[in-house]
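Descriptive structure summary
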Amino acid sequence: MAYEIKLDIFEGPLDLLLYLIKKNEIDIYDIPIALITEQYLEHVEIMKSLNLDLAGEYLVLAATLLHIKSKMLLPVPEDEESDDDEDPREMLVRQLLEYQAFKEAALNLDKMSVLGRDVFSRGYSPKEEEGEEEIPIREVGIFELVEAFRNAVSEAGNEELMEIDAEKISLSETINQIMDELNTKKMLSFTDLLGGLESKTRIIYTFLAILELMKMRVIRAYQAVSYGPIRICLAVGE
Amino acid sequence: MDNVKAIVEALIFVSDLPVSIDKIKEVLGEEVDKKEIAEVLATIKQEYEVRRGGVFLKEIAGGYQFRTGEDVAPWIKKMKAIKPLTLSPAAMETLAVVVYRQPIMKSDIEQVRGVDVSGVLRGLLEKNLVRMVGRKDVPGRPIIYGTTRKFLEVFNLRDLTDLPSLKEIEE
Amino acid sequence: MDNVKAIVEALIFVSDLPVSIDKIKEVLGEEVDKKEIAEVLATIKQEYEVRRGGVFLKEIAGGYQFRTGEDVAPWIKKMKAIKPLTLSPAAMETLAVVVYRQPIMKSDIEQVRGVDVSGVLRGLLEKNLVRMVGRKDVPGRPIIYGTTRKFLEVFNLRDLTDLPSLKEIEE
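Analysis parameters
Counting restarts for each chain, with residues numbered from 1 along the sequence as it is written. Chains and ligands are labelled by the order in which they are written, letters from A for the one and numbers from 1 for the other. For this predicted model, a pLDDT threshold of at least 70 governs which residues receive local features, and a threshold of 80 or more governs which side-chain atom pairs are given and counted, while totals over whole chains, interfaces and linings are taken from all residues. Hydrogen atoms and water are omitted, and side-chain values are computed over all heavy atoms in the structure. Secondary structure elements follow DSSP: runs of H or I of four or more residues count as helices, runs of E of two or more count as strands, with numbering from the N terminus. Burial classes: relative accessible area under 20% of the type maximum marks a residue as buried, over 50% as exposed, and values in between as partly exposed (1.4 Å probe, protein chains only). Surface accessibility in these figures is a Shrake-Rupley result with a 1.4 Å probe; residues are shielded only by whichever protein chains are displayed. Only centres within 6.5 Å qualify two rings of Phe, Tyr or Trp (six-membered ring in Trp) as a pair; their planes then separate them into stacked at under 30 degrees, edge-to-face at over 60, and tilted for everything else. Over a ring means this: the NZ of a Lys or the CZ of an Arg is within 6 Å of the ring centre and within 35 degrees of the ring normal. Here a polar contact is taken to be a pair of N or O atoms separated by no more than 3.5 Å, where protein atoms must pair a possible hydrogen donor with a possible acceptor and residues adjacent in sequence count only if both atoms sit in side chains. Residue contacts are counted whenever heavy atoms from the two residues lie within 4.5 Å of one another. For every residue, the predictor states its confidence as a pLDDT score lying anywhere from 0 to 100. One side-chain nitrogen of Lys or Arg within 4 Å of one carboxyl oxygen of Asp or Glu is enough to make a salt bridge. Should DSSP find at least two bridges between two strands, the strands are regarded as paired. How far each domain reaches was decided by an automatic or database domain assignment. In this analysis, axes come from line fits to C-alpha atoms, helices being fitted only over the stretch in contact, and the angle between any two N-to-C directions falls in the range 0 to 180 degrees. Convention used here: angles under 35 degrees read as roughly parallel, angles over 145 as roughly antiparallel, angles from 65 to 115 as roughly perpendicular, and any remaining angle as oblique. Crossings are classed by handedness, with left-handed meaning an anticlockwise turn of the near helix from the far one by less than a right angle and right-handed meaning a clockwise turn. Amino acid classes used here: Ala, Val, Leu, Ile, Met, Phe, Trp, Tyr, Cys and Pro are nonpolar; Asp, Glu, Lys and Arg are charged; the rest, including Gly, are polar. Simply put, the buried area is the total loss of 1.4 Å probe accessible area from both parts when two parts are fitted together. Multiplying 1.5 Å by the residue count of a helix minus one yields the expected span of that helix. Here, the arc refers to the directions that run from the helix axis to the C-beta atoms.

This part takes up the overall build of chain A. Helix and strand counts for chain A stand at eight helices and four strands. Helices and strands appear in chain A in the N-to-C order α-α-α-α-β-α-α-β-α-α-β-β. Here chain A holds 238 residues, and the buried ones make up 43% of them. By element, 53% of the accessible surface of chain A is carried by carbon and sulfur atoms, the whole surface being about 13600 Å².

Printed below as a string of structure tokens:
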């Protein structure tokens, strides 16, 4: 094998491709696709033979390269040439250029004065990330919240609680809204709650929320006469 | 080493505790002797005194430390009193359980977290992140809790459906 | 209030995070306006630059903070035995895509980088350099990501416009 293979330094298939282009001193706008495809596949083969955990993306790009190669071998029909003269490599080139720009941007970022590496603040301590201290709320993101929930749940070891899905959350939201309205208006009719809603999902959630609240015995439903309007109110007035 | 002044100043600045001349010497190595360090320290000390800012270099407990001047103390106290809203990990967990399981009773939060949450819950109520949404009509009429509008504001959410699910996080 | 310079300097000195002009104004009260605070900050900044010590006043993440100069970093690391925050090239690339394309969906980051970014993105979220900023109003309402205040703090930036512009991508 004539190539010096740098295995784990590639950040992905695009990176490998860029490396090959640079190594061969190729014009990125005019990639000799047969040559590059061949070298790319050789690298992939070596990675495979070394039992490297080869990400599927490498194979996807291999397929793309082969596809482009075959397209370029096809003779372009005379009559179509004028209105369909797109180079089959165009998409790939654009993707490579974009990736290259961000790769450069990443290097530039790395050149900034990084806190804890190039510059330090007063009393800077590398441990400041950990600990049981309270963190200012503006520093708290949703991710911390989800992590906190994950912690809470995993400590409890409660499998059933693990699923958080959008539906559950929407239901909570709807329940909250209904409780808000009941806290101010004391009594609401079913139609009050359902009437103004145009989205079918919202109507379903509202209905489920009412059922849930009744099941929890937080609200009560009344009906003065059969087929009359159903009214709901808080089960316990405060 | 021509920037001894800058190095010495920075070393003291980033330390939590007063820094001794010996310690500075240890970091700077053979090139610089203690006498030079002492001279540099005197220079720095004087520079801060001359410019009459809010910070001074002080000799404390056998070492050197930057400290604020005494006259600015009232303002520092005032700023520290304007406490940003903070959350302990316990508060975060409790909040998270309320967020994803609302409307929820205190006993159910405790069931998940495995500890008493009275104090933490009170804190969240005081910070107006959690509120009582009603009472459950069972013996004891337990209060049920949910999140507030302020919770959405603080976490920059349009509504609760904006919250990511665990599944999304794991992806 | 004749010692505004001293007070402002001390307030910044004692804070763990960058301090905004608004915050300073809140502490100083009605007597001092924002324009005066900005002027005082400029004065302090200049004084530190002129004396060429180890510490400088910097504008970071919408506020002001004292930070050490870059040339003294080796000695600080030596004293504190600090292992600096490091990001892998994959993390840096992913961060760069988020920085310049925010708000961005995970799938768009992957489109640019050509690889799955789940693990890397998770790391960036954990380091609090990237956060979820919301959801996109398209079917599935995918999460969109952006950079955090901490990103600005860590990379010594006043705001995002401080960043060099991305090399124009030829059409």
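So that's the structure; there's more coming.
Right, let's talk about the packing of aromatic side chains for a bit. Two measures describe an aromatic ring pair: the distance that separates the ring centres and the angle between the ring planes. Across all of its chains, the model carries six aromatic pairs over all chains by this definition. Centre to centre, the rings of B:Tyr48 and C:Tyr48 are 6.1 Å apart; their planes meet at 65°, and the pair counts as edge-to-face. Of this pair, B:Tyr48 sits in helix α3 (residues 34–51) while C:Tyr48 is found in helix α3 (residues 34–51), placing the two residues in two different chains. Using a relative accessible area of 2% as the deciding quantity, one classes B:Tyr48 as buried. Every member of this aromatic cluster is reached through a ring pair, and the members are B:Tyr48, B:Phe66, C:Tyr48 and C:Phe66. In this structure, A:Arg122 is placed above the aromatic ring of C:Phe13, and the distance from its NZ or CZ to the ring centre is 5.0 Å.

Now for the side chain of C:Glu9. When you line up the elements, C:Glu9 lands in helix α1 (residues 4–14). We classify C:Glu9 as buried; its relative accessible area is 0%. A polar atom in the side chain of C:Glu9 sits 2.4 Å from the side chain of B:Arg51. There is a polar contact of 2.8 Å between the side chain of C:Glu9 and the backbone nitrogen of B:Gly54. When sequence neighbours within four positions are dropped, the list of residues in contact with C:Glu9 reads B:Arg51, B:Gly53, B:Gly54, B:Val55, C:Ile44, C:Tyr48 and C:Phe66.

Per-residue confidence for chain B gives a mean pLDDT of 89, with 97% of residues at or over 70. This complex was scored by the predictor with a pTM of 0.76 and an ipTM of 0.79.

On to the pattern of salt bridges. Pairs can form between side chains of opposite charge whenever their charged atoms are close. Inspection of the entire model under this criterion finds 34 salt bridges over all chains. A salt bridge links C:Lys35 to C:Glu39; the nearest nitrogen and oxygen atoms lie 3.4 Å apart. Of this pair, C:Lys35 and C:Glu39 both sit in helix α3, four residues apart, which is roughly one turn of that helix. Residue C:Lys35 is classed as exposed on the basis of its relative accessible area of 60%. A salt bridge links C:Glu126 to C:Arg122, with the nearest nitrogen and oxygen atoms 3.4 Å apart. Placement of the pair is C:Glu126 and C:Arg122 together in helix α7 (residues 118–126), with a separation of four residues, close to one helical turn. What you see here is one network of salt bridges that share partners, running through A:Asp15, A:Lys103, C:Glu93 and C:Arg113.

Right, let's get into the pairing of strand β2 (residues 63–68) of chain B. All names here are of chain B. The pairing of strand β1 (residues 55–60) with β2 spans six bridges and is antiparallel. Note on β2: the bridge partner recorded for Glu59 is Tyr64. Hairpin connection, β1 to β2: the antiparallel pair is bridged by two residues, and Ala61 has positive phi, about 45°.

Moving on: the domain arrangement of chain B. Taken as a whole, chain B is organised into domain 1 (4–79) and domain 2 (89–170). Between the C-alpha centres of domain 1 of chain B and domain 2 of chain B there is a distance of 47 Å.

Residues and elements named next belong to chain C. Ordered in space as β3-β5-β4, the three strands form an open sheet in which the pairing is antiparallel. Whereas interior strands pair on both sides, the edge strands pair on one side only; in this sheet they are β3 (104–105) and β4 (130–135). The sheet strands contacting α7 are β4 and β5 (143–147), and the helix crosses β4 at an angle near 105°.

Residue and element names in this part refer to chain C. Packing of α1 against helix α2 (residues 21–28) brings their axes to within 11 Å, and their N-to-C directions diverge by 120°. Taken together, the axis directions place α1 and α2 in an arrangement best described as oblique. Taken as a pair, α1 and α2 cross one another with a handedness that is right-handed. Facing α1, whose interface residues are Val4, Ile7, Val8, Leu11 and Ile12, α2 presents Ile24, Val27 and Leu28. Of the residues that constitute the contact of α1 with α2, the class distribution is eight nonpolar, no polar and no charged.

Before going further, it helps to examine the sheet that holds strand β4 (residues 230–234) of chain A. All names here are of chain A. Overall, antiparallel pairing links the three strands, which are arranged β2-β4-β3 in an open sheet. Looking at the sheet topology across the chains shown, the edges are occupied by β2 (187–189) and β3 (219–223). Shown here is a sheet whose adjacent strand axes are inclined to one another by a mean of 30°, direction ignored. Where β3 and β4 come together, five bridges link them in antiparallel fashion. Residue Ala221 lies in a different strand from β4, and its bridge partner there is Ile232.

With that settled, the discussion passes to the interface of chain C and chain B. Opposite the 44 residues of chain C that make contact, chain B presents 43 residues. For the pair chain C and chain B, the summed buried surface comes to about 3900 Å²; carbon and sulfur atoms form 59% of the total. Viewed at the interface, chain B and chain C are joined by six salt bridges. A salt bridge links B:Glu47 to C:Arg51; the shortest N-O distance between them is 2.6 Å. In this structure, the connection of chain C to chain B is made through 22 residue pairs in polar contact (both at pLDDT 80 or more). Of all elements in the fold, only α1, α2, α3, β2 (63–68), α4 (73–80), α7 and β4 of chain C reach the threshold of two or more residues within the side of chain C that touches chain B. With eight residues, the top contributor of residues to the side of chain C that touches chain B is α1(C). Tallied by class, the residues present in the side of chain C that touches chain B amount to 20 nonpolar, seven polar and 17 charged.

Pairing of β2(A) with β4(A), which is carried by three bridges, proceeds in the antiparallel orientation. The residue bridging A:Met187 from the neighbouring strand is A:Cys233, located in β4(A).

Relative to the 26 Å expected for 18 residues at 1.5 Å per residue, α3(B) spans 26 Å between its end C-alpha atoms, a close match to the ideal helical length. If you check which residues of α3(B) are buried, you get B:Ile37, B:Val40, B:Leu41, B:Ile44, B:Tyr48 and B:Arg51. Along the long axis of α3(B), the arc covered by the buried residues comes to 110°, so they all point the same way. Set apart from the buried face of α3(B) by more than 90 degrees, the exposed residues are B:Lys35, B:Gln46 and B:Val50. Those residues of α3(B) that are buried lie in contact with α1 (4–14), α2 (21–28), β1 and β2 of chain B together with α1 and α3 of chain C.

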